[in-house]
Each structure stands twice: as structure tokens, then as C-alpha cells.
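Next come the chains, spelled out residue by residue.
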Amino acid sequence: MATTVLTPTQRELLKLFAYDHSEEFAVELKKIINNYLQSIIDAESERLWEEGILDQERLDEIRKEDLHATMRNYGSVGA
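Notes on the structure follow. Here the structure is a predicted model, which is why all the values come from computation and not from measurement.

### Here's the deal with the overall build of the protein
In step 1: Counting its regular elements, the protein contains 4 helices and 0 strands.
In step 2: For the protein, the sequential pattern of α-helices and β-strands runs α-α-α-α.
In step 3: Over its C-alpha atoms the protein spans a radius of gyration of 18 Å, topping by over 25% the 12 Å that the globule rule assigns to 79 residues.
In step 4: Seen through its principal axes, the protein has C-alpha atoms that stretch 45 × 30 × 20 Å.
In step 5: Burial statistics for the protein: of 79 residues in total, 4% are counted as buried.
In step 6: Split by element, the accessible area of the protein, about 7300 Å² in all, is 58% carbon and sulfur.
In step 7: For the protein, the distance from the average position of its 9 positive side-chain charges to the average position of its 16 negative side-chain charges is 5 Å.

### Details of helix H2 (residues 23–50)
In step 1: Taking 1.5 Å as the rise per residue, H2 with 28 residues should run 40 Å; its terminal C-alpha atoms sit 40 Å apart, in good agreement.
In step 2: Once H2 finishes, Gly 52 follows within two positions and takes phi at roughly 80 degrees, a positive value.

### Examining the environment of Ala 43
In step 1: By the element assignment, Ala 43 lies in helix H2.
In step 2: A relative accessible area of 49% means that Ala 43 is categorised as partly exposed.
In step 3: Separated by 18 residues in the primary sequence, Ala 43 and Phe 25 place their C-alpha atoms 27 Å from one another.

### Some points on the pattern of salt bridges
In step 1: Tallied over the full model, the rule gives 6 salt bridges.
In step 2: We note a salt bridge from Glu 61 to Arg 58, for which the minimum N-O separation is 3.1 Å. Within this pair, Glu 61 and its partner Arg 58 are both found in helix H3 (residues 56–64), separated by 3 residues, close to a single helical turn.
In step 3: With a closest N to O distance of 3.2 Å, Arg 58 and Glu 65 form a salt bridge.
In step 4: Overlapping salt bridges, with partners in common, bring together Glu 44, Arg 47 and Glu 51 in one network.

What counts and how
- Residues numbered from 1 in each chain as written.
- Predicted model: local features only at pLDDT ≥ 70, side-chain atom pairs only at ≥ 80, totals over all residues.
- Heavy atoms only, no water.
- Helix = DSSP H or I, 4+ residues; strand = E, 2+ residues; numbered from the N terminus.
- Rg over C-alpha atoms; globule rule 2.2 N^0.38 Å.
- Buried < 20%, exposed > 50% of the residue type's maximum accessible area, 1.4 Å probe, protein only.
- Areas by Shrake-Rupley, 256 points an atom, 1.4 Å probe, with all protein chains shown as cover.
- Lys, Arg positive; Asp, Glu negative; His and termini not counted.
- Charge placed at Lys NZ, Arg CZ, Asp CG, Glu CD.
- Expected span 1.5 Å × (residues − 1).
- Salt bridge = Lys/Arg side-chain N within 4 Å of Asp/Glu carboxyl O.

Okay, here's the thing in C-alpha cells:
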């Protein structure tokens, strides 16, 4: 049987889960994590925009793509 090694992030989250089992805590934690990840995405998007890598034309192209199908082809979704 293979051993699963937890990442530092996973270990910290498990510590949080041991502290409080309420639904409210889970919802608040999800909001905090989502806000954090959104701030990273926003900063990277801003950088790409400022460097000219991302522009309105590219955003229009992305809007037309089926990103779920693209990710399935890479084996990242539904694996």
C-alpha cells in the first residue's frame, strides 16, 4: 500500500479543520481561500496585461474556447 505524503498546505488545513467543525467556519474558510486565490489571479492578469501578453483580442479568443475540453485533453479535469 502506497503512503500519501501531505503538503505543508494540506497539513495546515487539517489543523484548521480540527479546530472547528461548524458549517459557518467551513464557509468562511472557503471565502478566505477564494479571495486569496482571486488576488493572485488578479495580480497575474494585471502583469500580463501590462506586458502586452494579454489584451482584449486575446480575451475575446479565450471567451470562445471550450476550456473544459482543453483541460480534459491535458488530463487535468476529471482525472
